[in-house]
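Survey of secondary and tertiary structure
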Amino acid sequence: MTDHDRPPIIPVRPRPSAEKARSGDTGTAERLAMNRTGSFEWDLDARTLDIDEAGLLVFGLDPATFDSRPESLVERLEPEERIRLDTAIDEAVKGGRTSYSLHFRVPTDESGDQWTHIQARILRGADGRAHRVIGVVRDATAEVTHSAFVLELEKRRQRQTDIVERTTSALSRAVTVDDVTAALTGPGGLARLGADGLALGLLDNATMNVIALSGDSLEVIDELGQGRLDRSFPLADTVLSGRPRFVSSLGALTRRYPVLEPYVGQLKFQAAAYLPLVAQARSLGGLALFYRERTAFNPDERNLCLGLAAIVAQSLQRAKLFDEEREFATGLQSTMLPRRIHDIEGGEIAVRYHAAWSGRQVGGDWYDVIPLPKDRFGIVVGDVQGHDTHAAAIMGQLRIALRAYAGEGHPPSTVLARASRFLAELDTERFATCTYAQVDLGTGTVRVVRAGHFGPLIRHTDGRVGSPQVRGGLPLGISTDFGDEEYPETRLDLVPGETLVLYTDGLVEEPGADIDAGVRTLVTEVSAGPAGAEALADHLSDRLWERWGSGDDVALLVLRRSPDPGSPRAPRLHQYIHQADPEGLSDARTIVRQALTDWGMPELADDAEMVTGELLVNVLLHTEGGAVLTLEVLPEPVRRVRLSVQDRSSAWPRRRTPGETATSGRGLLLLDAVATRWGIEPRGEGKAVWCEIGPAAPPTSPPVRRGTGTSTGARTGAGADTSADTASGTVNGTGTGADGQR
């Protein structure tokens, strides 16, 4: 800004009073001077500054030597203050304002900086251009200093209020004792308390256990006798006496507790507050807060520490009560579930139960494994409505009833119908959902019924996970009330190495998300998890139940049929091909070629791949279900491969003589031309078409005619196509496992 536009700074120069003070009276100028306040007039056009004697005294200037130049006043200011003052006045004058007010510092010889306040009015002409500035200037040091003190006091009180509010908010969400310690020692815990370290000890009969440590603290020194209530140590002394102790130096600490003298060099704090934790006249333990830079505790700071101790004590009392009730509830729940799952032949079973993380009461989720005649067993996972002891009691009765009905040998549909009737006859309005399956691992047959519950998942040997379409009925209890106790049975088959997963809704309920998204996540984790049943159960528990932070309990059952790899000299593989899987046929052909290459028989891969396609197309086109492909190497000395395709149709293929323009009917003719031997065998309620590819066996007996089955019940195929309704079937201990109803 130019000198003409805005001369430097503030006004000053003595002006005669407009009217003499009356005799015995004090004039306005005298009263202003007594309050270290002066007036000024700044002529912007003449670039002169008139300021009275009181105003000059505010700036520490001699009236006799002041030359009325604004520059003489500005030169007294520090450069940063001069820039700030110039900028503020320039904005007011050029911005069209009519006044401005400003605090700035003026250096003095006696007391360092003096705070000075200007309040001015800008006088403008008709054209809006500023010509004069008039106003008052005063010493505001006392006012600003007092304001700074008040602000600092208010800041300290606000800080203390924030500490209390943040700590209260964090602990209000703590349910268990572990939650309380996590709130105190987790991220931001010490910052919330305004401390540099803490130690939290809880009484346990005649001992005290330090359950939480964070930052700089005394208790990190292991040899200080943790666990003993010894008054020679400060935290134990505080707990036993019930009185807080505020230590403002390490010297004071060691004078009172000489046993700490050898450890002074290891301590990184300067002050500490030892606080007893008391709730409802009951001593719970002690809290120690440590500070690196504090040297004293004023009354407000002591009250703050005592308030924090009271908040922590109340939270701990509530959490301990919750933990005790929870331990009782989960103990009750565990007594109602099977204590041990017996080993099964031909597979492995893993079960998991997790109580809900929130809430004191038990839930109604359960699992069970029920031995059945003929080396079979039943598996069930279910959920009784509600999360209280009544739900747990109903669950216990229902589990026993369902186990009894299954043990009597009833089919799965009857078991659930009777269980529904049992629940309806109890004096309760609760209902239950469950999935029950009768399993025969010898054949891989799984007969499933569902009562308003999730269907099972099946993990195939190649890692794919399917969700079979298992028909279901109404929840138990409700179906009887509605007079609809129909529970249709769905037949599934587990190929060796496949895994069946049953679960309750707590495993797939992600807060704030649709349950279908949780099911999709479960499918992903089942596919990505390890193969073993126990390892997969642990994987699902770690990745899902803990991930959701479930507010619901969870029951999980994982059943895996043992793999059937054959032997190193006679390997074997099984693969299920679902009828609705458009890529299944291509995948099967690729798997066959890769297996023969890995087994050192690549010269048979072309024929085996072609036959695989022909047999699978027959099943997928002419039956209503999928197929199980089995490929194995026959033991030496016959180095051939045996390929078998099983389906559930009871109709056998028949040979046809296709015309030249026919598009089908050549499958069995092709099989007869390529295979060394082939045939058809009954497998339970279905059949298997098999063939052997490779060199013929040395003739040790009359040769077997090609096209003639060699197993009991086998016969020569007479055609390539099959056309019949699909029926259930079992294939020499192998079965099907697939997406969709099977």
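As a reminder, the structure under discussion sits directly above these lines.
Throughout, a residue's number is its position along its own chain's written sequence, starting from 1. Only residues with pLDDT of at least 70 are given local features in this predicted model, and only at 80 or more are side-chain atom pairs given and counted; all residues enter the totals for whole chains, interfaces and linings. Side-chain measures were taken over the full set of non-hydrogen atoms in the model, leaving aside hydrogen atoms and water.

Here the focus is the overall build of the protein chain. A tally of helices and strands in the protein chain yields 18 helices and 26 strands. Exposure is judged per residue with a 1.4 Å probe applied to protein chains only, and the accessible area is read against the type maximum: over 50% gives exposed, under 20% gives buried, and values in between give partly exposed. Counting only residues that meet the buried cut, the protein chain has 49% of its 742 residues in that class. A sequence separation of at least 24 residues applies to 67% of the contacts in the protein chain between residues at least 6 apart. Taken as a whole, the protein chain presents about 34900 Å² of accessible surface, with 49% of it coming from carbon and sulfur. A run of DSSP states H or I qualifies as a helix once it reaches four residues; a run of E qualifies as a strand once it reaches two. Both are numbered from the N-terminal end. Note on contacts: a residue pair is in contact if any heavy atoms of the two residues lie within 4.5 Å. For the area figures, the Shrake-Rupley method with a 1.4 Å probe applies, and any residue is considered shielded solely by the protein chains shown.

For the rest of this paragraph, the subject is the pattern of salt bridges. Salt bridge, as applied in this entry: a Lys or Arg side-chain nitrogen positioned within 4 Å of an Asp or Glu carboxyl oxygen. One pass over the full model with this rule turns up 29 salt bridges. A salt bridge links Arg572 to Glu632; the shortest N-O distance between them is 3.0 Å. One end of the pair, Arg572, is in strand E22 (residues 572–577); the other, Glu632, is in strand E23 (residues 627–633), with 60 residues separating them in the sequence.

Turning next to unusual backbone geometry. Notably, Arg47 is not glycine yet its phi reads approximately 60 degrees, a positive angle. By the element assignment, Arg47 lies in the loop between strand E1 (37–43) and strand E2 (48–51). Exposure remark for Arg47: the relative accessible area of 38% places this residue in the partly exposed category. Of note in this structure, Ser68 is not a glycine but carries a positive phi near 65 degrees. Positionally, Ser68 belongs in the loop between helix H2 (53–58) and helix H3 (70–74).

Below, the discussion takes up the environment of Ser169. Among the secondary structure elements, Ser169 is positioned in helix H5 (residues 141–172). Residues Ser169 and Ala183, spaced 14 residues apart in sequence, show a C-alpha to C-alpha distance of 9.8 Å. A polar contact of 3.2 Å, which involves the side chain of Ser169, links it to the side chain of Arg173. Whenever a nitrogen or oxygen atom comes within 3.5 Å of another N or O atom, the pair is scored as a polar contact, on the condition that within protein one atom can donate a hydrogen and the other can accept it, and that pairs from neighbouring residues in sequence are kept only if both atoms are in side chains.

Moving on, we get to the packing of aromatic side chains. The description of an aromatic ring pair uses the distance of the two centres, along with the angle that the planes make with each other. Classification of ring pairs rests on two measures: the distance between centres of Phe, Tyr or Trp rings, Trp counted by its six-membered ring, which must be within 6.5 Å, and the angle between planes, read as stacked under 30 degrees, edge-to-face over 60 and tilted in between. Tallied over the entire structure, the rule returns six aromatic pairs. Their ring planes at 75 degrees and their centres at 5.7 Å tell us that Tyr291 and Phe297 sit as a pair that is edge-to-face. Both residues of the pair, Tyr291 and Phe297, belong to the buried class. Aromatic ring contacts, followed pair by pair, group Phe246, Tyr291 and Phe297 into a single cluster. The cationic tip of Arg642 hangs over the ring face of Trp690; the distance from NZ or CZ to the ring centre is 4.2 Å. Criterion for a charge above a ring: Arg CZ or Lys NZ at most 6 Å from the ring centre, at most 35 degrees from the ring normal.

A few words on the nonpolar core. For the purposes of this section, nonpolar cores are sets of buried Ala, Val, Leu, Ile, Met, Phe, Trp, Tyr and Cys residues that join through side-chain atoms within 4.5 Å. Ile349, Ile379, Tyr436, Leu476 and Leu559 are the most contacted members of the largest nonpolar core, which totals 52 residues. Per element, the largest residue contribution to this core is nine residues, and it comes from helix H11 (residues 389–407). The residues contacting Leu559, other than those within four sequence positions of it, are Ile344, Glu348, Ile349, Phe377, Ile379, Val439, Leu441, Leu494, Glu498, Thr499 and Leu500. By size, the runner-up hydrophobic cluster in this structure holds 35 residues, among which are Val177, Leu184, Leu190 and Leu289.

Compared with an ideal rise of 1.5 Å per residue, which puts 14 residues at 20 Å, helix H14 (residues 515–528) spans 20 Å between its outermost C-alpha atoms and is within 8% of the ideal. Capping the start of H14, Asp514 holds a side-chain oxygen 2.8 Å from the backbone nitrogen of Asp516, two or three residues further along. Given the number of residues in a helix, its expected span is that number minus one, multiplied by 1.5 Å.

For two strands to be treated as a pair, DSSP must find no fewer than two bridges joining them. Strand order in the open sheet formed by five strands is E22-E23-E24-E26-E25, with antiparallel pairing between adjacent strands. Two strands lie at the open edges of the sheet, namely E22 and strand E25 (677–683), each paired on one side alone. Neighbouring strand axes in the sheet, compared pairwise and without regard to direction, differ in orientation by 15 degrees on average. Here E25 runs beside strand E26 (residues 686–693); their pairing, made up of seven bridges, is antiparallel. The residue of E26 that forms the bridge with Glu681 is Ala688. Axis lines are fitted through C-alpha atoms, for helices just across the contact stretch, and the angle between N-to-C directions can take any value from 0 to 180 degrees. Packing against the sheet, helix H17 (residues 605–622) makes contact with E22, E23, strand E24 (641–647) and E26, and its axis sits at approximately 10 degrees to E24.

Here we take up the side chain of Gln114. Along the chain, Gln114 falls in strand E4 (residues 112–124). Classification of Gln114 by relative accessible area gives buried; the value is 7%. A distance of 2.7 Å separates a polar atom in the side chain of Gln114 from the backbone oxygen of Val58. Beyond its immediate stretch of four places on either side in the chain, Gln114 contacts Arg36, Val58, Phe104, Arg105, Val106, Thr108, Asp139 and Thr141.

By volume, the second largest pocket is sized at about 350 Å³. Of the grid points, spaced at 1 Å and generated over the protein atoms alone, those admitting a 1.4 Å probe that cannot get out make up cavities, while open sets with protein on both sides within 12 Å along at least five of seven lines make up pockets; any residue with an atom within 4 Å of a point is treated as lining. If you go around the second largest pocket, you meet 18 residues; those closest to its centre are Asp343, Ile344, Pro371, Arg376 and Phe377. When residues of the lining of the second largest pocket are traced back to their parent elements, those giving at least two are strand E13 (365–372) and strand E14 (376–384). Sorting elements by how many residues they give to the lining of the second largest pocket places E13 first, with four residues. Grid points are joined across faces, edges and corners, and a volume is the space filled by probe spheres set on the points.

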